[in-house]
Amino acid sequence: MNRRIGLNWLGLVPFLAFALLFLVLPTMNIVLGAFRSADGGFTLDNLRGLLTPRIMDSFKLSIQVSAASAILGCVIGFAIAAAMVHGGLPKWLRGPISTFSGVASNFAGVPLAFAFIATLGRVGLVTVLLKQWFGINIYAMGFNLLSFWGLTLTYLFFQIPLMILIITPALDGLKKEWREAAEVLGASGWQYWRMVALPVLFPSLLGTFALLFANSFGAVATAYALTGSTLSIVPIMLFAQIRGDVLQDPHLGYAMAFGMIVVTGLANLVYIVLRTRAERWMR
Amino acid sequence: MRRFWSWAALIIGGLYFFLPLIGTLEFSLRMRRGEYSLDAYRSVLNDPRFQETLSYSVIMALATIVVGVLIVVPTAYWVRLRLPRMRPYIEFITLLPLVIPAIVVVFGYIRLFNTSSVLPMTGTAMGTNILLMFGYVVLALPYMYRAVDTGLSTIDVRSLTEAAQSLGSGWVTILGRLILPNVFGAVMSGAFLSFAIVIGEFTMASLLNRPAFGPYMQILGANRAYEPAALAVIAFAITWACMGVMSLISRLARVGRMGK
């Protein structure tokens, strides 16, 4: 029997070797590097290096952009998904919306940045049309695509569809009987949402928020293609650091990467915990 | 009233999603002054760097899919058949790439496989290509594994395996001629998603200095005005085609199963 179990384990060797070599060990190397000094000893100096204003600011900006795009993504995505599932819209709309969400949630990266430059850049379609038709010059009003709000607006293009994809099954899980029971007891539509539906959905909503947060926190390509290095968010700082353009201290790079793992790790932990809670209602 | 708000949410959402697509298309046609033309597309398609980088990325994507299938299918099968208790742990590992940002993983590669390390993969172009390919397998792992595992859940792995074994099949025959065809739809949907991810990937290819499509798009975007919009349209068409084929296959697979 023992020999049998030993042989069973052999079947996992290729996968475990692959995961160890190309996922676990590289990550461990970075995490350990964050606590190691140039001569190999243990140190907290690298983490202390994160406390310099420039890096603290980049973490702050990254967290703000991720939080803003996750909150707005959750709210808008929820509104669209709720309209689609419970809003009395024609049934045939569901197929196209979920297919489009699948495509758009994967349309991150360099092309997404180009799309927004062509639309909301200084000579982009919407910018020009607003000026010609309504005489509104959004750039004169202080809008800039290469800014906090520009980046947030761009990230929403993949955040909203991701929210729609994840929250639709949860909305489907809301039983018709609950709504009927609420109506029989004299609840208004608003009361039903506030006192029944939203409390049931709350773990799903918060969990998805955490996932969206992590999703935009790790995004490099979109921000890099959009702003170059004018907006110092963490992934772009780290990118430049690895390239060797700025900050000549490699151990600071380890510390920044470690900081990123801590933030996305925490967000995902929240997601996993809340997801298991949400599944109670999904049966 | 409810219906009014629903339509309002949908229309505002629709505007947000379609304006950038229309804007990109319109911008990509504006290269010639005063009239619409396909000049930007002509310029992009005739750029030898476009052809080189796109074919490099296509080859990388195909390699990623083959290696990914070779790693994921036997593992998911074996876990279901012999080590069901390990399932949550294996699943946890496959979801790690969603937690650890790609930029951190590739940073680890650069430190772990550099020229002065035990395994100096970044020393040669071929070694770096292989390293990048494994990086792509890691990025695609969460999607690939979940697709294949879901596919396996629709068939009776144990009975099929026992039947094949009693007819004298070895493991290679079982996996290649029995399991793989049965989860073909799932594997294909994982494959197309991997393809879409790899084609536009920027971070890993750029930091490993490989001539892939993603870094090419970024460089062109920094130097040109109209060509990037044309590129974005092309990239979006590729993503859209991948997703379209994917949902078509999964629909066909479902219909096929119901027909049986």
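The shown structure was predicted, so the numbers you read here are calculated from the model rather than taken from an experiment.

### Considering the packing of aromatic side chains
Geometry of an aromatic ring pair is reported as the spacing of the ring centres plus the angle between the planes. Taken as a whole, this structure holds 36 aromatic pairs over all chains when the rule is applied. Between Phe116 of chain A and Tyr16 of chain B the ring centres are 6.1 Å apart and the planes differ by 50°, which places this aromatic pair in the tilted class. Of this pair, Phe116 of chain A sits in helix α6 (residues 110-120) while Tyr16 of chain B sits in helix α1 (residues 2-28), each in a different chain. Classification of Phe116 of chain A by relative accessible area gives buried; the value is 1%. These aromatic residues form a ring-pair network of at least three members: Phe100, Phe116 and Phe157 of chain A together with Tyr16, Phe17, Phe18, Phe236 and Trp240 of chain B.

### What about the confidence of the model for chain B?
When pLDDT is averaged along chain B, the result is 87; 97% of the residues meet or exceed 70. Under the prediction, the complex receives an ipTM of 0.85, its pTM being 0.87.

### So, the UniProt feature "domain: ABC transmembrane type-1" (unreviewed entry) in chain B
Taken from the UniProt record, the annotation "domain: ABC transmembrane type-1" (unreviewed entry) applies to residues 54-249 of chain B. A helix fraction of 81% and a strand fraction of 0% characterise residues 54-249 of chain B, whose end C-alpha atoms lie 25 Å from each other.

### What to know about the UniProt feature "transmembrane region" (unreviewed entry) in chain B
All names here are of chain B. As recorded in UniProt, the sites labelled "transmembrane region" (unreviewed entry) are residues 7-29, 54-77, 89-110, 183-208 and 228-250. Helix makes up 91% of residues 89-110 and strand 0%, with an end-to-end C-alpha separation of 27 Å. The annotated region residues 228-250 carries 100% helix and 0% strand content, and the separation between its end C-alpha atoms amounts to 33 Å.

### Comments concerning the nonpolar core
As a rule of thumb, soluble globular proteins bury nonpolar side chains together. Counting 173 residues, the largest nonpolar core has Phe22, Phe78, Phe157, Leu171 and Trp193 of chain A together with Ile103 and Leu152 of chain B as the members making the most contacts within it. The element contributing the most residues to this core is helix α3 (residues 48-81) of chain B, with 16 residues. The contact partners of Trp193 of chain A, leaving out residues within four places of it in the chain, are Phe78, Ala82, His86, Leu171, Leu174, Arg179, Leu198, Pro199 and Leu201 of chain A.

### Digging into the interface of chain A and chain B
With 70 residues of chain A at the interface, the matching set in chain B holds 68 residues. Taken together, the connections running from chain A to chain B amount to zero salt bridges. Counting across the interface, chain A meets chain B through nine residue pairs in polar contact (both at pLDDT 80 or more). For the side of chain A that touches chain B, the class distribution of residues is 50 nonpolar, 17 polar and three charged.

Rules and cut-offs
Residues numbered from 1 in each chain as written. Chains lettered and ligands numbered in written order. Predicted model: local features only at pLDDT ≥ 70, side-chain atom pairs only at ≥ 80, totals over all residues. Heavy atoms only, no water. Phe/Tyr/Trp six-rings, centres within 6.5 Å; stacked < 30°, edge-to-face > 60°. Helix = DSSP H or I, 4+ residues; strand = E, 2+ residues; numbered from the N terminus. Buried < 20%, exposed > 50% of the residue type's maximum accessible area, 1.4 Å probe, protein only. pLDDT = per-residue confidence, 0-100. UniProt positions renumbered as here; feature names shortened; annotations may be inferred. Core = buried A, V, L, I, M, F, W, Y, C linked by side-chain atoms within 4.5 Å. Contact = heavy atoms within 4.5 Å. Salt bridge = Lys/Arg side-chain N within 4 Å of Asp/Glu carboxyl O. Polar contact = N/O pair within 3.5 Å; in protein donor to acceptor, adjacent residues only side chain to side chain. Nonpolar A, V, L, I, M, F, W, Y, C, P; charged D, E, K, R; others polar.

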